Amino acid sequence: QVQLAESGGGLVQAGGSLRLSCVASGSDVNFSAMGWYRQAPGKQREMVATANIYGEINYLDTVKGRATVSMDRAKNAVYFELNSLTPEDTAVYFCNAKLWRTLRGWTTYWGQGTQVTVSS
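Please read all numbers here as calculations on a predicted model, not as lab measurements.

Chemist: I would appreciate a short explanation of the sheet that holds strand S1 (residues 3-7) in the present structure.
Modeler: In a beta sheet, neighbouring strands are held together by backbone hydrogen bonds and run either parallel or antiparallel to one another. Pairing is antiparallel across the open sheet formed by four strands, whose spatial order is S1-S3-S8-S7. With partners counted over all chains shown, the strands left at the sheet margins are S1 and strand S7 (67-72), one partner each. Taken pair by pair, the neighbouring strands of this sheet meet at an average axis angle of 15°, ignoring direction.

Chemist: Explanation requested: the pattern of salt bridges in the structure shown.
Modeler: When the charged atoms of two side chains with opposite charge come close together, those side chains can pair. Overall, the coordinates contain four salt bridges when judged by the stated rule. With a closest N to O distance of 2.9 Å, Asp-89 and Arg-66 form a salt bridge. Of this pair, Asp-89 sits in the loop between strand S8 (77-82) and strand S9 (91-101) while Arg-66 sits in the loop between strand S6 (57-59) and S7, and the two are 23 residues apart along the sequence. Arg-66 matches Asp-89 in its accessibility class, with the two residues each being buried.

Chemist: Even after reading the chapter, I still don't get the state of the cysteines, so can you show me in this structure?
Modeler: A complete count under the given rule lists one disulfide for this structure. The disulfide partner of Cys-22 is Cys-95, and the gap between their sulfur atoms is 2.0 Å. With the S-S dihedral at roughly -85°, the linkage between Cys-22 and Cys-95 falls on the left-handed side. Pair noted here: Cys-22 is in strand S3 (residues 18-25) and Cys-95 is in strand S9, with a separation of 73 residues, a long-range link. Residue classification places Cys-22 among the buried residues on the basis of a relative accessible area of 0%. Residue Cys-95 is classed as buried on the basis of its relative accessible area of 0%.

What counts as what
- Residues numbered from 1 in each chain as written.
- Predicted model: local features only at pLDDT ≥ 70, side-chain atom pairs only at ≥ 80, totals over all residues.
- Heavy atoms only, no water.
- Pairing = 2+ DSSP bridges.
- Helix = DSSP H or I, 4+ residues; strand = E, 2+ residues; numbered from the N terminus.
- Axes fitted to C-alpha atoms, helices over the stretch in contact; angles between N-to-C directions.
- Salt bridge = Lys/Arg side-chain N within 4 Å of Asp/Glu carboxyl O.
- Buried < 20%, exposed > 50% of the residue type's maximum accessible area, 1.4 Å probe, protein only.
- Disulfide = S-S within 2.5 Å.

See below:
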């Protein structure tokens, strides 16, 4: 069984920064991609930042220039830093990991979510 352990959420002032960490445990697997999604009240879940084993990185348009995501394949971990926070960044942030296995196809794993609240 794979579990994604998230940390780093909490309350932060506008203009500040946050750093989220996600580490997989419970299984010896090598994820193809890991990243972060977020969901604000009344809104759809959206991709914030992703990284894959080929070095490809993608960011949500509204966080470009403020965000950094990195994946450590050996540790099955992903780290996310977001600077210049605004109240619009308030959301539950979910760690995401994708695994490809022969004859099984893709499997997606989610963390339980960590609340990030940005006060103005």
